[in-house]
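Residue-level structure breakdown
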Amino acid sequence: MRRFTVMAFLIVGMCASLLCSAEAREPDAVIDIWPSAAPGETTRHTGTKLARRANENPPATRVKDITRPQLQVFQPPADKRNGVAVLIFPGGGYNYVVTDKEGSEAAEWLNELGITAFVVHYRTKQKSPSMQKNAQLPPASERPLQDGQRALSLVRQRAAEWGVKPDRIGVIGFSAGGQAAALVTTRFDERSYKPNDAIDQVSCRPDFSLLVYPWRLVDDKTGALNEVFTVSKLTPPTFLVHAHNDGATPLSSILFYTALKKIGVGSELHIYETGGHGYGMRPVENSDVDTWTDRAEDWLRQRSLTSAKK
């Protein structure tokens with residue numbers, strides 16, 4: 001029995017190694033969010049990949065120093081597309097973008113549901129910020145909000161090109177990307193940058209939102225939902241997920257949900273007792289937190305945003 005157990009362990013380990021060595025799916029297209037330099041930027045860098053972490057299995061890809069934000073487009077097969085699109089905001093504390101664990105892996109999941117996915121490689125922190133701070137916003141979130149607003153308008157304007165319906169475009173965000181997505185979800189009445197062209201005349205309001213362990217939605221001084229998240233009756237329906245033992249407090253999701261509940265905006269909240277932070281869609285030992293995608297699929301199905309069942 002012991003020999004069998006050891007053999008099984010070795011086989012599982014070999015399978016995990018093979019999965020880790022497999023190349024992530026390449027996007028179907030890569031599109032610049034801005035036609036030239038992004039607001040306040042003097043450079044156009046798509047970013048630099050950080051070295052993978054030795055203790056991470058499977059590993060994750062992190063890209064820093066992004067000043068040229070882009071959309072990576074992932075489409076389902078033509079006969080599976082249902083006209084729904086989701087912009088994905090990966091996490092990374094705004095220091096970098098976790099492009100696979102919280103980006104392309106979520107895109108593949110959405111593709112299985114018939115949903116066209118756009119991974120947003122938004123701008124990251126710079127040592128010498130080249131733009132003035134907006135006193136109303138968390139300092140590091142101004143660039144991602146600008147990139148997110150522009151990206152959503154761009155996808156909506158070009159919706160027919162991807163077989164997307166312009167009134168069925170949502171967002172999903174993880175960790176810091178969850179904060180960025182929450183800002184895009186609530187601050188759509190006014191551009192966070194000076195409008196430039198016809199794209200900026202198109203609505204940047206998402207039609208629905210999924211926030212997965214969103215980071216720092218709570219005001220550190222008051223313990224309430226930060227007032228920069230201007231929740232109103234026009235805020236789109238929102239699905240929220242957090243773990244009770246997340247160091248990036250689940251109060252972020254709870255308070256956002258509470259604000260939606262108070263004004264009657266449709267929403268759904270799931271708090272798992274264990275799971276921690278930064279898991280994306282990957283399993284976590286001694287936790288069922290990775291089953292959040294099942295709950296999200298139910299929610300999307302109830303809203304007629306997918307009919308597929310994995």
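Higher on the page you've got the structure.
What you see is a predicted model; the values in this text were computed from it and never measured. (Residues numbered from 1 in each chain as written. Predicted model: local features only at pLDDT ≥ 70, side-chain atom pairs only at ≥ 80, totals over all residues. Heavy atoms only, no water.)

Considering the pattern of salt bridges
Enumeration according to the criterion identifies 19 salt bridges in this entry. With its nearest N and O atoms 3.8 Å apart, the salt bridge here joins Lys101 to Glu56. One end of the pair, Lys101, is in helix 2 (residues 100-112); the other, Glu56, is in the loop between strand 2 (48-49) and strand 3 (62-64), and 45 residues separate them in sequence. Residue Lys101 is classed as buried on the basis of its relative accessible area of 11%. (Salt bridge = Lys/Arg side-chain N within 4 Å of Asp/Glu carboxyl O. Helix = DSSP H or I, 4+ residues; strand = E, 2+ residues; numbered from the N terminus. Buried < 20%, exposed > 50% of the residue type's maximum accessible area, 1.4 Å probe, protein only.)

Things to note about the sheet that holds strand 5 (residues 85-89)
Spatially, eight strands are ordered 1-4-7-5-8-9-10-11 in an open sheet, and the strand pairing comes out mixed. Both outer strands of the open sheet, strand 1 (29-32) and strand 11 (267-272), are each paired with one neighbouring strand and no more. The mean angle between the axes of side-by-side strands here comes to 15 degrees, regardless of whether they run parallel or antiparallel. Two elements, strand 9 (residues 208-212) and strand 10 (residues 238-243), share four bridges in a ladder whose sense is parallel. Its bridge partner being in strand 10, Leu211 is matched across the sheet by Leu240. Packed on one face of the sheet, helix 3 (residues 142-157) meets strand 1, strand 4 (70-74), strand 5, strand 7 (116-121) and strand 8 (169-174) and runs near 165 degrees to strand 5. In the packing of helix 5 (residues 251-263) onto the sheet, contacts are made with strand 9, strand 10 and strand 11, and the angle to strand 10 comes to roughly 155 degrees. (Pairing = 2+ DSSP bridges. Axes fitted to C-alpha atoms, helices over the stretch in contact; angles between N-to-C directions. Contact = heavy atoms within 4.5 Å.)

Some words on the sheet that holds strand 6 (residues 96-98)
If you walk across this open sheet you meet the three strands as 2-3-6, and the pairing is antiparallel. Whereas interior strands pair on both sides, the edge strands pair on one side only; in this sheet they are strand 2 and strand 6. Of the pairings in the sheet, the one linking strand 2 to strand 3 comprises two bridges and is antiparallel in character. From the neighbouring strand, Thr48 faces strand 3, where its bridge partner is Lys64.

Concerning unusual backbone geometry
With an omega of 0 degrees, the peptide bond between Asn57 and Pro58 qualifies as cis. On the secondary structure map, Pro58 appears in the loop between strand 2 and strand 3. Positive phi, close to 55 degrees, is recorded for Asp65, a residue that is not glycine. Inspection of the secondary structure assignment puts Asp65 in the loop between strand 3 and strand 4. Backbone geometry places Tyr94, a non-glycine residue, at a positive phi of 65 degrees.

A look at the packing of aromatic side chains
Any aromatic ring pair is given by two values, namely how distant the centres are and how the planes are angled relative to each other. Applying the stated rule across the entire model yields 10 aromatic pairs. Between Tyr94 and Trp215, the aromatic rings sit 5.8 Å apart at their centres with planes inclined by 75 degrees, giving edge-to-face as the arrangement. Here Tyr94, found in the loop between strand 5 and strand 6, pairs with Trp215, found in the loop between strand 9 and strand 10; they are 121 residues apart in sequence, far enough to count as distant. Judged by relative accessible area, which is 22%, Trp215 ranks as partly exposed. Among the aromatic side chains, those forming a connected cluster through ring pairs are Trp109, Phe174, Tyr213, Tyr279 and Trp292. The cationic tip of Arg216 hangs over the ring face of Trp215; the distance from NZ or CZ to the ring centre is 5.6 Å. (Phe/Tyr/Trp six-rings, centres within 6.5 Å; stacked < 30°, edge-to-face > 60°. Lys NZ or Arg CZ within 6 Å of the ring centre and 35° of its normal.)

Focus on the nonpolar core
In terms of nonpolar packing, the biggest core is built from 44 residues, with Leu71, Leu87, Phe89, Phe118, Trp162, Phe229 and Phe256 touching the most fellow members. Counting only elements with at least two residues in this core, the list comes to strand 4, strand 5, strand 7, helix 3, strand 8, helix 4 (176-186) and helix 5. With six residues, the single largest contributor to this core is helix 4. Setting aside residues up to four positions removed in sequence, Trp162 forms contacts with Ile31, Val73, Gln75, Arg81, Thr116, Phe118, Leu154 and Val155. Judged by nonpolar contacts, the second largest core, of 29 residues, contains Phe74, Trp109, Leu110 and Trp299. (Core = buried A, V, L, I, M, F, W, Y, C linked by side-chain atoms within 4.5 Å.)

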